[in-house]
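# Descriptive structure summary
Chain residues, written in single-letter form:
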Amino acid sequence: MLLYHYFDKKTGPFRNLSDLSEKEARKVLLTIKSEKPETMCAKRQDSYIADRRRFEEILRNEFLKKGGIIERKAPHYLVVGECPWLQSWFEDCDHIVIDTDDLDLRTVSFTYGDSHPTFSDRVNDGKEYRKKIYTYDEIIGVIGRYGLPQDWNPDGKYGPERYVEAHVWSDRGIFSSVRTC
């Protein structure tokens with residue numbers, strides 16, 4: 001399975017707001033909003049940092065219940081397969097590709113769709129993948145049933161899921177396995 005990580009060329013890959021203090025993360029988000037107002041990242045709500053930390057806590061706790069291994073406070077975020085829509089999130093977008101064969105799958109969790117709407121109290125449509133985190137073997141089954149959201153919902157017309165999100169809870173394999181695009 002190939003995992004894609006999209007990023008702005010000016011800042012580089014794997015720059016995670018959750019690795020910063022709340023004050024530093026807010027400052028970065030405000031800078032993005034003022035310097036790059038047309039990007040998706042600039043359109044995040046004021047509660048984004050607090051929401052993100054809350055959802056990451058849910059991801060962490062649910063993954064631990066499944067026997068997952070957590071080596072980082074916050075995960076590295078990637079998506080399963082190529083997702084052209086994510087290119088619109090950044091002013092000068094680039095991406096890297098990592099093969100799951102290069103990762104310890106015990107450190108990787110998944111949500112079918114972005115983790116924010118997956119665990120949001122505002123999304124209550126009864127879909128089986130809401131409020132759930134998956135291991136590698138489990139997400140293979142979900143993808144087998146539904147396909148990749150970027151294939152059937154590229155414009156978000158059918159709900160908030162636009163990709164399968166991967167959460168890598170380790171630095172091992174991340175930087176050493178980056179493939180040139």
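Being a predicted model, the structure only gives us computed values, none of them experimental. (Residues numbered from 1 in each chain as written. Predicted model: local features only at pLDDT ≥ 70, side-chain atom pairs only at ≥ 80, totals over all residues. Heavy atoms only, no water.)

## A word on the sheet that holds strand S1 (residues 2-8)
Strand pairs in the sheet, formed through backbone hydrogen bonds, run parallel or antiparallel to each other. One open sheet holds the 5 strands; their spatial order is S3-S1-S2-S5-S4, and the pairing between them is antiparallel. Edge positions in the open sheet fall to strand S3 (93-99) and strand S4 (108-112), since each of these has one partner strand only. Sheet twist, expressed as the mean angle between neighbouring strand axes with direction ignored, is 35°. Where S1 lies against strand S2 (residues 76-80), 2 bridges are found, and the strand directions are antiparallel. Residue pairing for S2: tyrosine 4 is matched across the bridge by valine 79. Together, S2, S4 and strand S5 (164-168) form the strand contacts of helix H4 (residues 136-146), whose direction differs from that of S4 by roughly 25°. (Pairing = 2+ DSSP bridges. Helix = DSSP H or I, 4+ residues; strand = E, 2+ residues; numbered from the N terminus. Axes fitted to C-alpha atoms, helices over the stretch in contact; angles between N-to-C directions. Contact = heavy atoms within 4.5 Å.)

## With respect to the pairing of S3
Across the 7 residues of S3, 5 count as buried, placing the element largely inside the fold. With 7 bridges joining them, S1 and S3 adopt antiparallel strand pairing. Counted as the bridge partner of phenylalanine 7 is aspartate 94 from S3. (Buried < 20%, exposed > 50% of the residue type's maximum accessible area, 1.4 Å probe, protein only.)

## Quick notes on the pattern of salt bridges
Scanning all chains against the criterion turns up 16 salt bridges. Of the charged contacts in the structure, one is a salt bridge between aspartate 171 and arginine 72, with a shortest N-O distance of 3.1 Å. Of the two residues, aspartate 171 is situated in the segment after S5 and arginine 72 in the loop between helix H2 (48-65) and S2; the sequence distance between them amounts to 99 residues. A salt bridge links arginine 130 to glutamate 161; the shortest N-O distance between them is 2.6 Å. Here the residue arginine 130 occupies a position in the loop between helix H3 (115-119) and H4, and glutamate 161 occupies one in the loop between helix H5 (149-152) and S5, the gap between them amounting to 31 residues. Residue arginine 130 is classed as buried on the basis of its relative accessible area of 8%. Note on glutamate 161: relative accessible area 1%, which makes it buried. Overlapping salt bridges, with partners in common, bring together Glu71, Asp104, Arg106 and Arg172 in one network. (Salt bridge = Lys/Arg side-chain N within 4 Å of Asp/Glu carboxyl O.)

Any link to function would need more than the numbers given here.
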